[in-house]
Amino acid sequence: MRAPYALTPLALALAFAATGLAPAHAQQVQSLNPITVSGDAQATPLNPGVKAERARLDGVAGGTNLIEPQKETRLATLRDALDYQPGLVVQEFFGGLDQPRLNIRGSGIQSNPVNRGVMLLQDGLPLNEADGSFVIGFLEPRNAGLISARRGANALSPAATTLGGELDFQSLTGTAGDLLRVEGGSFGRFGAQAAKGFRSDSLDGRLSVTHDKYDGYRHHSGSERTSVQGNFGVQGDGFENRTYLSYVDLDVDIPFVVPRAMMEDDPTRVIGDGNTANHPLNVYKRNPHRTSSQFRAANRTYWGTEDLNNTFGVYAQSIDDTFQDPLSATVTDGMTYGAQWQLAGKYRAIDYRVALDWSRSNMDRKLYVVRPEDGSRLQRFGNYDLQAENRSALLGFAWHVNPQWTVVGDAKFTQAVRDARERGSGNSLDQDWNYVSPKLGLVWQPAEDQRFFVNVSRSNEAPTYWEIVNGTVPPRPNSVMPIPATTSLSALKLQRADTVEIGGEGRLGAGSYAPHWALTLYHSDVKDELMSVSTANGTAAGTYNYRGGTRHQGIELGLNGSLPAPGAGAAFDYRVAYTFSDFRFKGGEYAGNRIAGVPRHLVSAEVLYRIGGLRFGPNVRWMPSSTETNHANTPDTQQGSYALLGFKVDYQIDKHWQAYVQGDNLTDQTYASAFVIRNTAGAADPTFLPGNGRSVTAGVTYKF
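The rules we used
Residues numbered from 1 in each chain as written. Predicted model: local features only at pLDDT ≥ 70, side-chain atom pairs only at ≥ 80, totals over all residues. Heavy atoms only, no water. Helix = DSSP H or I, 4+ residues; strand = E, 2+ residues; numbered from the N terminus. Rg over C-alpha atoms; globule rule 2.2 N^0.38 Å. Buried < 20%, exposed > 50% of the residue type's maximum accessible area, 1.4 Å probe, protein only. Areas by Shrake-Rupley, 256 points an atom, 1.4 Å probe, with all protein chains shown as cover. Lys, Arg positive; Asp, Glu negative; His and termini not counted. Charge placed at Lys NZ, Arg CZ, Asp CG, Glu CD. Core = buried A, V, L, I, M, F, W, Y, C linked by side-chain atoms within 4.5 Å. Contact = heavy atoms within 4.5 Å. Pairing = 2+ DSSP bridges. Axes fitted to C-alpha atoms, helices over the stretch in contact; angles between N-to-C directions. Polar contact = N/O pair within 3.5 Å; in protein donor to acceptor, adjacent residues only side chain to side chain. Salt bridge = Lys/Arg side-chain N within 4 Å of Asp/Glu carboxyl O. Patch = residues over 30% accessible without salt bridge, like charges linked within 9 Å, V, L, I, M, F, W, Y side chains within 5 Å. Phe/Tyr/Trp six-rings, centres within 6.5 Å; stacked < 30°, edge-to-face > 60°. pLDDT = per-residue confidence, 0-100.

A. Geometry of the overall build of the protein chain. Within the protein chain one finds seven helices and 35 strands. At 25 Å, the protein chain has a C-alpha radius of gyration in line with the 27 Å of a compact globule built from 704 residues. By its C-alpha atoms, the protein chain is 75 × 60 × 50 Å across when sized along the principal axes. Out of the 704 residues belonging to the protein chain, those deemed buried represent 60%. Summed over its atoms, the accessible surface of the protein chain is roughly 25600 Å², and 58% of this surface lies on carbon and sulfur atoms. On the protein chain, the mean spot of the 66 positive side-chain charges and the mean spot of the 71 negative ones are 2 Å from each other.

This is the structure:
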């Protein structure tokens, strides 16, 4: 699909809307303002609930997801919350409390660790550092009442301009989700949560504490995570203020990549087992791991009415992060501050928004050589002072031509600053970019439960310090000095993408068994795509802008509903998500090749038989074709196709007690869950991270 042809539906729709249709006040469900819909038990302007968020997303001219994680049987990992969602690709590293790869339309898929391409929001405010990076393990789906994904340029935050869009986690408040939860399972998995809240006429608060421990399926893959999250709110007539506090501590051993032959022989093994005991990258000696902690405080205030209102938020967060691969350790201490303001209102048939966003991070980053004998820090070879700052403004509108047609547009104006200085040598690199990210779209809602859309947009992404700051350490069998480690700074361009998107969602037919469908097709022409690649050893080799141009296009399809089943009041509940990703190099060195890292086809599906409080049934996660692991598309280096079969049983015993048992990979298939990406590779290179074998998890929840 070429972009000029894809523009045709938008041009026709806009022309049709502009001729013969008199402007009129639109349905309230398409408002861009914060809205509260009756029926959400504890909904407020700052915590609108599922119905209000669904109404807001109905006014977005593009692909979105609305996820209710508390309805999931298990919430041990981020993938548990985001599975069965079209357009959201979550690739686990090795199945524990690790750092999964989150990919939306190819966003940041090549970064290792995954740290860019999507704006993560916690209660509407950015969780990312100001350079755009994030630690995805800081997210806690068990404390989220809903997760709202606005894919691509459909992001609503003035700070979100990347190809992947934004993912917003809305915290549970008040007495919602008061519970005690305990779960455990294969490979030493243990998890626990305690959450309690209170609510009065004008005050509410909630505290949630979670702890997880996992010994790991593979050798050297244990992990541990503790999260404490709380919030306190005050409501009045046309006023709400809410404060959020959180602390997360994450400790993950990394088993690192292995060659295909080792994975197929025994997927639990790592380099250092058997005949690789004397390998220079012995995992037991090098001790690759990640330890990260974050303390975050945020406050938001809303005042006004639906016709005219203000929302103001501030946040501050500290980060202490060590990421150690077998050769080097990157240690980051940082502090990030941010503020965001939005004015929203109505003028006749037009909803409008004006928003400002500011964020700044001050980071100290040190690079160390890893001692080959015991994994300790041997010598420091980089000592950086890093300062990142973003200043953003947004102008947005929704013109309700009539109750069925709405023209939507916005423009985001951004100045991004990335300054870096190496204290030892004095070398410095100051970079800044000024850019505009516009979008124009059309929403057609012929019925209350049907929505169709089309849009054209531009996204922009500045590099993070994981791309700008480079470190190179050659492998050595011992710590005989000096080890010639080097560090440097990379001058990089913006990654830009022009996107055309068309699709819709709604109900097929009427009645309680009418399924819900969602379909989005998109085509993005990307310029200067940021390519992060690895060395032959599997460690980071740096990032560059690809000069030949790239193309991202795909299909995001979801279907869910119920069918009648034998038994009084019984039904079959089903859901399926299909994501097709066709990403290629348009020109340059790899012209015509597939871009490595993204599954071409990915299917997630489940069917549950439901009767009374009991639900049970099978599920599958299917990748039907192989995936390229390097941009040269070298033969015999692909990630192989796989199908993982599972089964779960969920029983709501009474209004207080709930229990579940879930089995995964029941056929005990050997497969690669993830891999490192290179420009070119050989079949014997350490590339793959084997996924979990057969496992069983069980849990029980008591709700207050």
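B. Spotlight on unusual backbone geometry. Although it is not a glycine, N287 sits at a positive phi angle of roughly 55 degrees. With respect to the helices and strands, the residue N287 is situated in the loop between α6 (283-286) and β13 (289-304). Positive phi values are uncommon outside glycine, yet D528 reaches one of about 60 degrees.

C. Fine view of the nonpolar core. Residues L82, L102, L120, I147 and L167 are the most contacted members of the largest nonpolar core, which totals 36 residues. Listed by contribution, the elements that provide at least two residues to this core are α4 (78-82), β6 (144-151), β7 (165-171) and β12 (239-253). Leave out the neighbours within four places in its chain, and L102 touches L82, V89, V90, S107, V114, V118, L120, I136 and L167. Counting residues in each nonpolar core, the second largest holds 18 residues, with L327, L367, Y465 and V473 among its members.

D. Here's a closer look at the sheet that holds strand β5 (residues 125-126). Strand order in this open sheet of five strands is β1-β6-β7-β4-β5, and the pairing throughout is mixed. At either margin of the open sheet sits one strand with a lone partner, and together these are β1 (64-67) and β5. Taken strand by strand, helix α3 (residues 49-58) contacts β1, β6 and β7, and its axis lies near 5 degrees from that of β6.

E. Representation of the environment of A388. Mapped onto the elements of the fold, A388 is located in strand β17 (residues 377-400). On a C-alpha basis, the gap between A388 and I254 in space is 29 Å, while along the polypeptide they are 134 residues apart. Contact partners of A388, with chain neighbours within four places excluded, come to A130, D131, S359, R360, S361, V417, R418 and Y465.

F. Molecular detail of the side chain of N402. Within the fold, N402 resides in the loop between β17 and β18 (405-422). Assessed through its relative accessible area of 14%, N402 is described here as buried. Within the structure, the side chain of N402 is placed 2.8 Å from the backbone nitrogen of Q404, a separation counted as a polar contact.

G. Spatial organisation of the pattern of salt bridges. For the structure shown, the criterion picks out 47 salt bridges. Residue D664 is joined to R74 by a salt bridge in which the shortest nitrogen-to-oxygen separation is 2.9 Å. Linking D664 in strand β32 (residues 657-664) with R74 in the loop between β1 and α4, this pair joins segments that are 590 residues apart in sequence. Residues R371 and D374 are paired through a salt bridge, measuring 3.8 Å at the closest nitrogen-oxygen approach. Salt bridges sharing partners connect three or more residues here, namely E53, R56, R150, E166 and D168.

H. Focus on a nonpolar patch on the surface. Taken together, the side chains of F616, L645, F647, V649, V661, L666 and V696 make up a nonpolar region of the molecular surface, amounting to roughly 500 Å² of accessible area. Sort the elements by how many residues they give to the nonpolar patch and strand β31 (residues 642-652) lands first, with three residues. You can see L645 is positioned in strand β31. Overall, L645 belongs to the partly exposed group, its relative accessible area being 38%.

I. Up close: the packing of aromatic side chains. The final tally for this structure, using the stated rule, is 14 aromatic pairs. An angle of 50 degrees between the planes, with centres 5.5 Å apart, marks the rings of F585 and Y590 as tilted. On the basis of relative accessibility, which here comes to 2%, the residue F585 falls in the buried class. Taken together, a centroid distance of 4.8 Å and an interplanar angle of 55 degrees make the contact between W657 and Y702 tilted.

J. Spatial organisation of the environment of L207. Assignment of secondary structure puts L207 in strand β10 (residues 203-214). Residue L207 is classed as partly exposed on the basis of its relative accessible area, which comes to 46%. Residues L207 and D374, spaced 167 residues apart in sequence, show a C-alpha to C-alpha distance of 40 Å. Sequence-distant contacts of L207, defined by excluding residues within four places in its chain, comprise A194, A195, K196, V228, Q229 and G230.

K. Molecular detail of the side chain of E389. One can find E389 in strand β17. For E389, a relative accessible area of 12% corresponds to the buried category. Reaching out from E389, the side chain makes a polar contact with the side chain of W358 at a distance of 2.7 Å.

L. Geometry of α3. Every buried residue of α3 is accounted for by G49, A52, E53, A55, L57 and D58. The elements touched by buried residues of α3 are β1, β6, β7, β19 (428-447), β20 (450-461) and β23 (495-507).

M. View of the confidence of the model for the protein chain. When the pLDDT values of the protein chain are averaged, the result is 91; 94% of them are 70 or greater. No element of the protein chain has a lower mean pLDDT than helix α2 (residues 8-18), which averages 37, and none a higher one than β18, which averages 98. Predicted confidence for residues 1-39 stays below pLDDT 50, and this span has 93 contacts to residues more than four positions away or in other chains.

N. Highlighting the pairing of β1. Here β1 shows no split at all, with T64 and L66 on one side and N65 and I67 on the other all buried. Taken together, the four bridges between β1 and β6 define a ladder with antiparallel strand orientation. Across the sheet, the residue bridging to L66 is S148, located in β6.

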